[in-house]
Amino acid sequence: MATPVLKHWRTTLERVEKFVSPLYFTDCNLRGRLFGDSCPVDALSSFLTPERLPYEEAIQQNFSPAQVGDSFGPTWWTCWFRVELTIPEAWVGQEVHLRWESDGEGLVWRDGEPVQGLTKEGEKTSYVLNERLGEGDPRSLTLYVEVACSGLLGAGKGSMIAAPDPEKMFQVSRAELAVFHQDVHKLLVVLELLLGMAKGLGEDNQRSFQALYTANQMVNVCDPAQPKTFSVAQALACQFFGQHGGESQHTLHAMGHCHIDTAWLWPFEETVRKCARSWVTAVQLMERNPEFIFVCSQAQQLLWVKSHYPGLYTRLQEFACCGQFVPVGGTWVEMDGNLPSGEAMVRQFLQGQNFFLQEFGKMCSEFWLPDTFGYSAQLPQIMLGCGIGRFLTQKLSWNLVNSFPHHTFFWEGLDGSRVLTHFPPGNSYGMQGSVEEVLKTVTNNRDKGRTNHSAFLFGFGDGGGGPTQTMLDRLKRLGNTDGLPRVQLSSPGRLFSALESTSGQLCTWVGELFLELHNGTYTSQAQIKKGNRECERILHDVELLSSLALARSAQFLYPAAQLQCLWRLLLLNQFHDVVPGSCIQLVAEDAMCHYKDIRSHGNKLLSTAAAALCAGEPGPEGLLVVNTLPWKRTEVLALPKPGGAHSLALVTVPSMGFAPAPAPTSLQPLVPQQPVFVVQEPDGSVTLDNGIIRVRLDPTGRLSSLVLVASGREAIAEGAVGNQFVLFDDVPLYWDAWDVMDYHLETRRPVLGQVRTLAVGTEGGLRGSAWFLLQLSPNSRLSQEVVLDVGCPYVRFHTEVHWHEAHKFLKVEFPARVQSPQATYEIQFGHLQRPTHYNTSWDWARFEVWTHRWMDLSEHGFGLALLNDCKYGASVHGNVLSLSLLRAPKAPDAFADMGRHEFTYALMPHKGSFQDAGVIRAAYTLNFPLLALPAPGPAPAAAWSAFSLSTPAVVLETVKQAEAPAESRTLLLRLYEAYGSHVDCWLHTSLLVQEAVLCDFLERRDPAGQLPLSDASLKLTFSPFQVRSLLLVLQTPSD
Ligand SMILES: [Zn+2]
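Residues numbered from 1 in each chain as written. Predicted model: local features only at pLDDT ≥ 70, side-chain atom pairs only at ≥ 80, totals over all residues. Heavy atoms only, no water.

**Focus on the coordination of the zinc ion**
Stated formally: Any N, O or S atom lying within 2.8 Å of the metal counts as a donor, and for Na, K and Ca the limit rises to 3.2 Å; water is left out, so some sites can look incomplete. Square planar and octahedral assignments, for four and six donors respectively, both demand that opposite donors be over 155 degrees apart and that all other angles lie between 65 and 115; tetrahedral needs four donors with all angles between 85 and 135 degrees, and anything else is irregular. Under the scheme used here, helices are H or I runs from DSSP no shorter than 4 residues and strands are E runs no shorter than 2 residues, and both carry numbers assigned from the N terminus. Only protein chains enter the area calculation, which uses a 1.4 Å probe; residues under 20% of their type maximum are buried, those over 50% are exposed, and those in between are partly exposed.
With distances of 1.9 to 2.1 Å, the protein atoms coordinating the zinc ion are His259 (NE2), Asp261 (OD), Asp371 (OD) and His576 (NE2). Coordination at the zinc ion is irregular, judged from the 4 donor atoms that bind it and the angles of 90 to 155° they form at the metal. Look at where the donors of the zinc ion fall in the sequence and you get H-x1-D-x109-D-x204-H. Of this pair, Asp371 sits in the loop between β15 (366-368) and α10 (379-385) while His576 sits in the loop between α15 (560-572) and α16 (585-614), and the two are 205 residues apart along the sequence. Asp371 sits in the buried class, given a relative accessible area of 6%.

**Describing the sheet that holds β15**
Heads up, the condition is: Any two strands are treated as partners once DSSP identifies two or more bridges connecting them. The axes are straight lines fitted to the C-alpha atoms, using for helices just the contacting stretch, and the angles between their N-to-C directions are given from 0 to 180°.
The strand order across the open sheet built from 5 strands is β15-β16-β18-β17-β21, with neighbouring strands paired in mixed fashion. With one partner strand each, in any of the chains shown, β15 and β21 (508-510) form the two edges of the open sheet. Across this sheet, the average inter-strand angle for adjacent strands is 30°, counted without regard to direction. In terms of strand pairing, β15 meets strand β16 (residues 390-392) through 3 bridges, oriented parallel. Bridging across to β16, Glu366 finds its partner in Arg390.

**Concerning the sheet that holds strand β48 (residues 947-949)**
Strand pairing in a sheet relies on backbone hydrogen bonds. The paired strands run either parallel or antiparallel. Strand order in the open sheet formed by 3 strands is β48-β51-β54, and the pairing between neighbours is antiparallel. Each edge of the open sheet carries a strand with a single partner, namely β48 and β54 (1017-1022). Pairwise comparison of adjacent strand axes, ignoring direction, gives a mean angle of 25° for this sheet. Pairing between β48 and strand β51 (residues 983-989): 3 bridges, direction antiparallel. The residue of β51 that forms the bridge with Leu949 is Leu987.

**Thoughts on the packing of aromatic side chains**
The condition that has to hold: Any pair of Phe, Tyr and Trp rings, taking the six-membered ring for Trp, is counted once the centres come within 6.5 Å. Such a pair is stacked with planes under 30 degrees apart, edge-to-face with planes over 60 apart, and tilted for the rest.
Counted according to the given criterion, the structure contains 43 aromatic pairs. Where Trp631 meets Tyr924, the ring centres are 5.7 Å apart and the plane angle is 85°; that geometry is what we call edge-to-face. Of the two residues, Trp631 is situated in the loop between β22 (621-627) and β23 (633-640) and Tyr924 in helix α19 (residues 919-927); the sequence distance between them amounts to 293 residues. A relative accessible area of 6% places Trp631 in the buried class.

**Concerning a negative patch on the surface**
Put simply, the rule reads: Patch membership needs two things, relative accessible area over 30% and no salt bridge, and members are linked within 9 Å if like-charged or within 5 Å if nonpolar (Val, Leu, Ile, Met, Phe, Trp, Tyr). Using a 1.4 Å probe, accessible areas were evaluated by the Shrake-Rupley method; residue-level cover was limited to the displayed protein chains. Think of a salt bridge as a Lys or Arg side-chain nitrogen and an Asp or Glu carboxyl oxygen that are within 4 Å of each other. We score Asp and Glu as negative and Lys and Arg as positive, and we do not count His or the chain ends. Taken as the charge location is NZ of Lys, CZ of Arg, CG of Asp or CD of Glu.
On the surface, a cluster of negative charge is made up of Glu51, Glu56, Glu57, Asp111 and Glu113. Locating Glu56 in the fold gives a position in helix α2 (residues 55-58).

**What about the packing of helix α4 (residues 206-221) against helix α5 (residues 230-241)?**
Packed helices, taken two at a time, are described by the angle between their axes plus the distance between the axes. The criterion, for reference: When describing relative orientation, an angle under 35 degrees is termed roughly parallel and one over 145 degrees roughly antiparallel, while 65 to 115 degrees is termed roughly perpendicular and anything else oblique. It is the rotation of the near helix from the far one that decides the hand of a crossing: anticlockwise by less than a right angle makes it left-handed, clockwise makes it right-handed. We call two residues in contact when some of their heavy atoms are within 4.5 Å. Residue classes follow a fixed rule: Ala, Val, Leu, Ile, Met, Phe, Trp, Tyr, Cys and Pro count as nonpolar, while Asp, Glu, Lys and Arg count as charged, and any other residue, Gly among them, counts as polar.
Two elements in contact, α4 and α5, have axes separated by 8 Å at closest approach and are oriented at 165°. Considered as vectors, α4 and α5 are oriented roughly antiparallel to each other. Note that α4 runs across α5; the crossing there is right-handed. Counted together, Arg207, Gln210, Ala211, Thr214, Gln217, Met218 and Val221 of α4 and Val232, Ala233, Leu236, Ala237 and Phe240 of α5 form the full contact between these two elements. Taken together, the residues of the contact of α4 with α5 sort by class into 8 nonpolar, 3 polar and 1 charged.

**What to know about the pattern of salt bridges**
Counted according to the given criterion, the structure contains 51 salt bridges. Residues Arg277 and Glu105 are paired through a salt bridge, measuring 3.2 Å at the closest nitrogen-oxygen approach. Taken as a pair, Arg277 in helix α6 (residues 268-288) and Glu105 in strand β7 (residues 105-110) lie far apart in primary sequence, 172 residues in all. The same class applies to Arg277 as to Glu105, namely buried. Linking Glu359 and Lys306 is a salt bridge whose minimum nitrogen-to-oxygen distance equals 3.0 Å. Placement of the pair is Glu359 in helix α9 (residues 342-360) and Lys306 in helix α7 (residues 299-308), with a sequence separation of 53 residues. The class for Lys306 is partly exposed, based on a relative accessible area of 34%. Taken together, the shared-partner salt bridges in this structure form one network comprising Arg52, Glu105, Glu146, Glu269, Glu270, Arg273, Lys274 and Arg277.

This is how it looks when you write it as structure tokens:
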């Protein structure tokens, strides 16, 4: 020990590195001694199946002899291995492992229960048979290993996000018993930490040298062949790590986590098994490490495990009781943060929080969305309404252009709601406990002068099985070491409480958290988007109609259980890789099946509710025309005629109510408005005019003029044409289905049509239309019918596209005769402005944005709104409104978006503000057509309205039965202020109401929220974009 130590940094450092290296000198270094004696298993046999079988069924099958080196597959199949083993008697007193290495993801079953996940990618290749083999312990065992033929990140051909390779084969490369040397493992952990400090703190830092020379000294005293030397080395480490930091040390709250995408590069069904593999591994770690806390989100995944792995689920509930397993997030799945409707976002929490309460005894206090592609400005209000004031994500660290300025801050939403928000400064939810990550967390933290706490989320995601014992050993060892931040195994609750107690100096970020990446996800997989929008509409309509039936009929049974199933299915597909379209083909197909189910069940429920509404009414048989929106509508409706044909009729239906359909034989009533005129000029152009707007289409179908008739005001920019289709090259840097890059704008190519393709469709009267065909490219074509109805303030463009492209982006543009530095876009329960220029990096990073049903470009006194029925991608640059229609990415789904598409957009010029002009209502109208439902018996003879409002600034968005089973005759109403104004609103109802009381989004009564009813009306006060919920307790109807 008296030998002088030389002062050479590099040789000293590399010497220690080689001592722990898994690659070099393993014949004589410490790593080479991690495992001692080994022996093969007695027998290995296997059974291959394309199905995902339950354990009981699988082990009954015929197993054939197998050996290490065997291949199995292909992709998405499952290989079950039976492992028969005998532990040598000589190993008594030792720690014994089954070492298993294979491709794919494995799950070990012992005595009929899952016990541990196995995956090379997640550093889980060792199953502990005995921590210390006792004299009396059984030494002969039979285990099963269920290996899924897909990896941690699916089965991409060549690269991770490439479409899965259906032919991929998998191999088992190790299956043996071995003695594990715990003392070697412990030394390796500390030596790696010391190396991390030496490198991470750098040569300017004295603690770095102390770490390096401690490690060097440990190597000097440690002889890998002489285990009795290990304790001397370990004592040196203890001395070093026993030197604590000062009071000012930053604290990392380390939480175990396993981010599992509910479907992505693998189908939903595989996620069920990913959850089991990961969580059973976490349970094992919780058993061995009582201080270890594992954080787990997504109610849907827990429900899957409850039904498929009840034993494991019980263990999770037990660990939840003692605080080691912490359900977090409060939502059904980790949903996309941009595209779901406001109501759907509320339902994510409603379904999630109720599940967590029922299954784990309490609701979640933190909203958890680490991996989602941007966050709506309405989320703070929705979170607060669902009992959550804390939010965690890290995704904005993926911003391509601007670095987000805060890690801990108050996020203020559209209505002024504020929630405490934290971005783990290490920019990851899959840390491994290295010194490098620990240091990065503090260095990156942009609020370290304001608050002294950061989150540190560790564990492999996506089926990697979450944390490992090694990660835990690292973090535990780091506890409180001079030179590093303090590391605590902690929980979200403890982190946020610490942040709250020091939040006085925090900054506030107002408005949306826009992710400057993945802007292609507003458009990719157009059929999923369309399914999402349509199913949101269907569930809205079913709930309203069923509520009205409940109110009018004592016999009607509200379909609460069915609606819960359908909602959960819709919410499932709002997961952050499904509705954004960043999933593989198998998932897209599943999503289409889910939407089909919601449509068919939803339509049946609509008929049932309509039948109940008609019951007992003395009218003629026929159709019931239903208006599910909270204002009176007069519209042209296509009524079905016997034999499958349709006839057009102008119908008026009161607010949230119904009217009898005009008999098909009756004469149309005199139309108060001007009928639609359709004129084709000799040059082939067509003019449509309904007295409100006059539309002129050039001979190729482009919009050469759009005039607001009353004022004569032209909406199309001078010398320009609207309805101009444009194609762009769309080749991102990597994330194909996710990203559209700024440079795609430089490849803009207008699609020019053939002259004389425009023809008159419907000749006028109640409706006028013109249509045309457009060849987009040699492989893709488009047809469009441009439709104008009597009395309608907008012109609709019904579009059909046969799309067969690679890496092309189709948009449609409308240059407006409007000048404004900002445009308005609809979001959940409201709208916001974004710039129309590229002044600063924050402005041009938003070259492609998302919207819901409408966008608007207005100047003082006039504007142009663009409405849509199933699109989300959009932009307004300068005076050009542009709607993103179709993309053609090839990964991870090689066939994404190929084939036939149908969608509608509409254009509405208006005077005054978009609010006063009724743009919001028009967009609702486009998305919620009047329903003509067959009445089984006599239809009601008179029109009827359930609800109406005194101001157009407020929208009654949702009417449904209250969730609480005891409140079966109570309705829940949700209303929001849509204009951005302070307003008083009278809600009028024809229903017999006993009591009205305000509640939160989870339908918990506000103790001070009683609302007095006078003349069947009640008064509500709103601030801008405020969403209010109330319960109406109904009187029992007399039938
Ligand atoms: Zn994810």
